[in-house]
Each structure stands twice: as structure tokens, then as C-alpha cells.
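# Reading the structure
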Amino acid sequence: MSTPCFGKWELFDSIHPDDHRRARDLCSSCPILLDCATQAEQMMRTVRKPEGTWGGRLYGMTDKAWRRFSADSRAERIHRENVAYTDDDARRAHTAYAA
């Protein structure tokens, strides 16, 4: 069985936020996503801690770096939404949803 991460160890072993975003996107279509996440959780309980992207989750960042990355991700999402929709589009969508 071929997985999206096969042969892309440099991307999945990286803890850089941009690499993680790309790796996480590939994980979303993986047939063994849950098995991978389970493997990483089992590794967390042993001496060897995982690093990089496992099962769509990033391991190996410090808490401070993770908070900064999470804040950047939220700001990036808000920016993309603001660029994609005008205020009028948002109002129409909200009205349609509320109806």
C-alpha cells in the first residue's frame, strides 16, 4: 500500500511550520492516518519521542513555538477568508444560513 508520505521523509521529518502545513495536507488523504497517529502516541510513551508530522499532527516543537505557529495559522486563515469574501458576500451567506 502506498501512502502520501512515502519517499518524502524530508518534509515529514521537518518541524518547520510551512513543511508541517504541506505534510498535514497530504495526511488528510492518507488511508492509514489513524494507524500513524496511534504509532506516534505509542512512541510518546517510550524513550524515543517522535519529531515531525505524524498522523497530521506536528511533534517536536516547543510550547512557545507551537503557540506562535497556531497564532500564525489562525491569522493566515482569517486573512484568506477576508480576501476571498467581501462584506456583502459574508452578509448574504449568513442570511442564507440563518434562513
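Conventions used here
- Numbering of residues starts from 1 in every chain and runs along the sequence as written.
- Whole-chain, interface and lining totals are the exception, using all residues; otherwise, since this is a predicted model, local features are given only for residues with pLDDT of at least 70 and side-chain atom pairs are given and counted only at 80 or more.
- Hydrogens and water molecules were not included; the side-chain quantities draw on all heavy atoms of the structure.
- Secondary structure elements are taken from DSSP: a helix is a run of H or I of four residues or more, a strand is a run of E of two residues or more, and numbering for both begins at the N terminus.
- The classification of residues rests on relative accessible area computed with a 1.4 Å probe and restricted to protein chains. Under 20% of the type maximum is buried, over 50% is exposed, and intermediate values are partly exposed.
- The contact definition used throughout considers only heavy atoms, calling two residues in contact when any of these lie within 4.5 Å.
- Calculation of accessible area relied on Shrake-Rupley with a 1.4 Å probe; when residues are assessed, cover is drawn exclusively from the protein chains displayed.
- Counted as salt bridges are all cases of a side-chain nitrogen of Lys or Arg within 4 Å of a carboxyl oxygen of Asp or Glu.
- In protein, a polar contact requires one atom able to donate a hydrogen and another able to accept it; more generally it is a pair of N or O atoms within 3.5 Å, and residues adjacent in sequence count only if both atoms are side-chain atoms.
- A pair of cysteine sulfur atoms is labelled a disulfide when the two atoms are within 2.5 Å.

### A look at the overall build of the protein
Check the secondary structure of the protein and you find five helices and two strands. Traced from its N-terminal end to its C-terminal end, the protein shows the element sequence α-α-α-β-β-α-α. Split into buried and exposed, the 99 residues of the protein put 22% on the buried side. Across the protein, the fraction of contacts at a sequence separation of at least 24, relative to all contacts at a separation of at least 6, is 52%. Entry remark: accessible area of the protein is about 7700 Å², with carbon and sulfur atoms responsible for 55%.

### Considerations on the pattern of salt bridges
For the structure shown, the criterion picks out five salt bridges. Taking the shortest distance from any N to any O, the salt bridge between Glu-41 and Arg-57 comes out at 2.9 Å. On the criterion of sequence distance, the pair formed by Glu-41 in helix H3 (residues 33-44) and Arg-57 in strand E2 (residues 57-59) is long-range, its members being 16 residues apart. Classification of Arg-57 by relative accessible area gives partly exposed; the value is 45%. Here Arg-91 makes a salt bridge to Asp-88, at a shortest N to O gap of 3.0 Å. Taken together, the residues Arg-91 and Asp-88, both in helix H5 (residues 87-98) and three residues apart, mark about one turn of the helix. Of the residues examined, Asp-88 reaches a relative accessible area of 46% and is grouped as partly exposed.

### Some words on the side chain of His-20
Note on placement: His-20 falls in helix H2 (residues 17-27). Within polar-contact distance, the side chain of His-20 engages the side chain of Thr-53 at 2.9 Å.

### What about the state of the cysteines?
Overall, the coordinates contain zero disulfides when judged by the stated rule. The structure places no disulfide on Cys-5, whose sulfur is separated from the nearest cysteine sulfur, that of Cys-30, by 5.8 Å. Overall, Cys-30 belongs to the buried group, its relative accessible area being 17%.

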